[in-house]
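Chain by chain, the residues:
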Amino acid sequence: MKAMDVDAVRAFLLAADLQSFTRAADVLGTTQSAVSLKLRRLEGQLGRRLLERTPRHVRLSVEGLAFLGVARELVSSHDRAAAAFETEQRRLAIGINQQLVGSELPFLLRRMRDHDPNLLVEMRIAGTNELMRGLEQGELDAVLVLRPEDRGKRGKAVCAETFSWFAAAGWEPRAGQPLPLATQGESCRVRIEAVRALDRAGIEWCEVFVGKGAAILGAAAVAGLAVAVLARRAAPPVTVDVSGLLSLPPIRSQDVMLYSNLSDRRTRNALRVLSLAFQ
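Everything numeric here is computed off the predicted structure, so don't read it as measured data.

Chemist: Describe the overall build of the chain, naming the residues involved and giving the relevant values.
Modeler: Of the regular secondary structure elements, the chain holds nine helices and 12 strands. Dimensions of the chain, computed from the C-alpha atoms along their principal axes, are close to 70 × 45 × 30 Å. Restricting to contacts in the chain with at least 6 residues of sequence separation, those with at least 24 account for 75%. Summed over its atoms, the accessible surface of the chain is roughly 14700 Å², and 50% of this surface lies on carbon and sulfur atoms. Distance between charge centroids for the chain: 5 Å, based on 38 positive and 31 negative side chains.

Chemist: Give me the side chain of Asn97: which residues, what numbers.
Modeler: Among the structural elements, Asn97 can be located in strand E3 (residues 91–97). Classification of Asn97 as buried rests on a relative accessible area of 2%. Side-chain polar atoms of Asn97 contact the side chain of Thr128, separated by 2.8 Å. Each residue touching Asn97, except ones within four places of it in the same chain, is listed here: Ala126, Gly127, Thr128, Leu131, Leu144, Val145 and Leu146.

Chemist: Would you mind going over helix H9 (residues 265–276) in detail, with residue names and values included?
Modeler: Its 12 residues give H9 an end-to-end C-alpha distance of 16 Å, which sits within 8% of 16 Å, the value for a rise of 1.5 Å per residue. Listed in full, the buried residues belonging to H9 are Thr267, Asn269, Ala270, Leu271, Val273, Leu274, Ser275 and Leu276.

Chemist: Describe the pattern of salt bridges, with residues and values.
Modeler: Enumeration according to the criterion identifies 12 salt bridges in this entry. We note a salt bridge from Arg72 to Asp17, for which the minimum N-O separation is 2.8 Å. With Arg72 in helix H4 (residues 62–82) and Asp17 in helix H1 (residues 6–18), the pair connects residues that are 55 residues apart, well separated along the chain. A residue is classified by how much of its surface remains accessible, and Asp17, at 22% relative accessible area, is partly exposed.

Chemist: Now, about empty space enclosed by the protein: what can you tell me, with residues and values included?
Modeler: As enumerated under the stated definition, the model contains one cavity of 30 Å³ or more in all. Volume-wise, the largest cavity comes out at about 30 Å³. Taken together, Gln99, Phe163, Gln184, Gly213, Ala214, Leu217, Val229, Leu230 and Ala231 make up the lining of the largest cavity. For the lining of the largest cavity, the secondary-structure elements that each account for two or more residues are helix H8 (214–222) and strand E10 (227–231). Ranked by residues supplied to the lining of the largest cavity, first place goes to E10 with three residues. The residue inventory of the lining of the largest cavity, partitioned by class, reads six nonpolar, three polar and no charged.

Chemist: Describe the packing of H1 against H4, listing the residues and the values that go with them.
Modeler: Put simply, H1 and H4 touch, their axes get as near as 9 Å, and they point 125° apart. Looking at the two axes, H1 sits oblique to H4. Judged by the twist between their axes, the crossing of H1 over H4 is left-handed. Two secondary-structure elements touch here, H1 through Val6, Val9, Arg10, Phe12, Leu13, Ala16 and Asp17 and H4 through Gly64, Phe67, Leu68, Ala71, Arg72, Leu74, Val75, His78 and Asp79.

Chemist: Give a description of the layout of surface pockets that names residues and reports values.
Modeler: Estimates place the volume of the second largest pocket at around 390 Å³. Taken together, 17 residues make up the lining of the second largest pocket; nearest its centre are Gly127, Thr128, Asn129, Ser187 and Cys188. For the lining of the second largest pocket, the secondary-structure elements that each account for two or more residues are helix H6 (128–136) and helix H7 (189–201). Top element by residues in the lining of the second largest pocket is H6. It accounts for four residues. Class assignment for the residues of the lining of the second largest pocket results in four nonpolar, eight polar and five charged.

Chemist: Describe the packing of helix H2 (residues 21–28) against helix H3 (residues 32–46), naming the residues involved and giving the relevant values.
Modeler: At a minimum axis separation of 8 Å, H2 and H3 run at an interaxial angle of 100°. Judged by the inter-axis angle, H2 sits roughly perpendicular to H3. Together, Phe21, Thr22, Ala24, Ala25 and Leu28 of H2 and Gln32, Val35, Ser36 and Leu39 of H3 make up the contact between the two elements. Of the residues assigned to the contact of H2 with H3, the class counts are six nonpolar, three polar and no charged.

Chemist: Please set out the environment of Gly185 residue by residue, giving values where relevant.
Modeler: Inspection of the secondary structure puts Gly185 in the loop between strand E8 (179–183) and H7. We classify Gly185 as buried; its relative accessible area is 10%.

Chemist: Let's hear about the pairing of E10: which residues, and what values?
Modeler: In summary, the side chains of a regular strand alternate between the two faces of the sheet. The element E10 is largely enclosed, with a buried count of five among its five residues. A two-sided burial pattern is seen for E10, the buried positions comprising Val227, Val229 and Ala231 on one face and Ala228 and Leu230 on the other. Across four bridges, the pairing between strand E7 (residues 163–168) and E10 is antiparallel. For Trp165, the partnering residue across the bridge sits in E10 and is Val229. Sheet topology note: the E8/E10 ladder contains two bridges and is parallel. Residue pairing for E10: Leu181 is matched across the bridge by Val227.

Rules used throughout
- Residues numbered from 1 in each chain as written.
- Predicted model: local features only at pLDDT ≥ 70, side-chain atom pairs only at ≥ 80, totals over all residues.
- Heavy atoms only, no water.
- Helix = DSSP H or I, 4+ residues; strand = E, 2+ residues; numbered from the N terminus.
- Contact = heavy atoms within 4.5 Å.
- Areas by Shrake-Rupley, 256 points an atom, 1.4 Å probe, with all protein chains shown as cover.
- Lys, Arg positive; Asp, Glu negative; His and termini not counted.
- Charge placed at Lys NZ, Arg CZ, Asp CG, Glu CD.
- Buried < 20%, exposed > 50% of the residue type's maximum accessible area, 1.4 Å probe, protein only.
- Polar contact = N/O pair within 3.5 Å; in protein donor to acceptor, adjacent residues only side chain to side chain.
- Expected span 1.5 Å × (residues − 1).
- Salt bridge = Lys/Arg side-chain N within 4 Å of Asp/Glu carboxyl O.
- 1 Å grid on protein atoms, 1.4 Å probe; cavity = no way out; pocket = protein on both sides within 12 Å on 5 of 7 lines; lining within 4 Å.
- Points joined across faces, edges and corners; volume = space filled by probe spheres on them.
- Nonpolar A, V, L, I, M, F, W, Y, C, P; charged D, E, K, R; others polar.
- Axes fitted to C-alpha atoms, helices over the stretch in contact; angles between N-to-C directions.
- Parallel < 35°, antiparallel > 145°, perpendicular 65-115°, else oblique.
- Left-handed = near helix turned anticlockwise from the far one by under 90°.
- Pairing = 2+ DSSP bridges.

Structure representation (structure tokens):
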């Protein structure tokens, strides 16, 4: 067998992780057709179909799942060898809104490490206003936040984040009692949207837990203290969406915006890898 094309293996990993040839091409700075061609050649070399393609989705085949682990090892070993004599370590300070990060944070960090093992990543998890100040003051290179009320600063819309009502599996409200809520407090725009929706629907509610960040609100839900208003991506896997079960109203989605002061190609590519994970 000829030596395996590491770039093709890298394209396979990105397509598998992002479930999209288009997104993989964005990360690699190439075209969808080029990624597709690389993968067809890789599959031909291995004599295995690695990915199942449909008009809307890209999924791992059984053979692709078996190949996934060793493919990661191959690309990781290649990147470490290629960087063996690199002495420059680039710092990237990123801020992410505290409502957008939950149990998938290790996946996000691994994605960035796999992309550039020699990148020094500093990450701050906080509210939108605090992160925007950090960006303006030069403390942060880039931020992923819910769209600020002040829309004067130009940014890129990454996706629309959906929010809903989450509780522990099997949790039930007490009969005749207001709906207990876990929120981020009165200044939180998602909380404002949620309680407005409850008021319009004529549903009584009571705030019983206030915390900062999806991880803390998720913990309150897992503990059975309350129903937490969470981004779907950040909800703990052991919680369930109870909006249908309890006939709770929908919550308006929020735009996730990327603001950046970056100009060099290396860190902009790393940031593109991170932002694609939110799409």
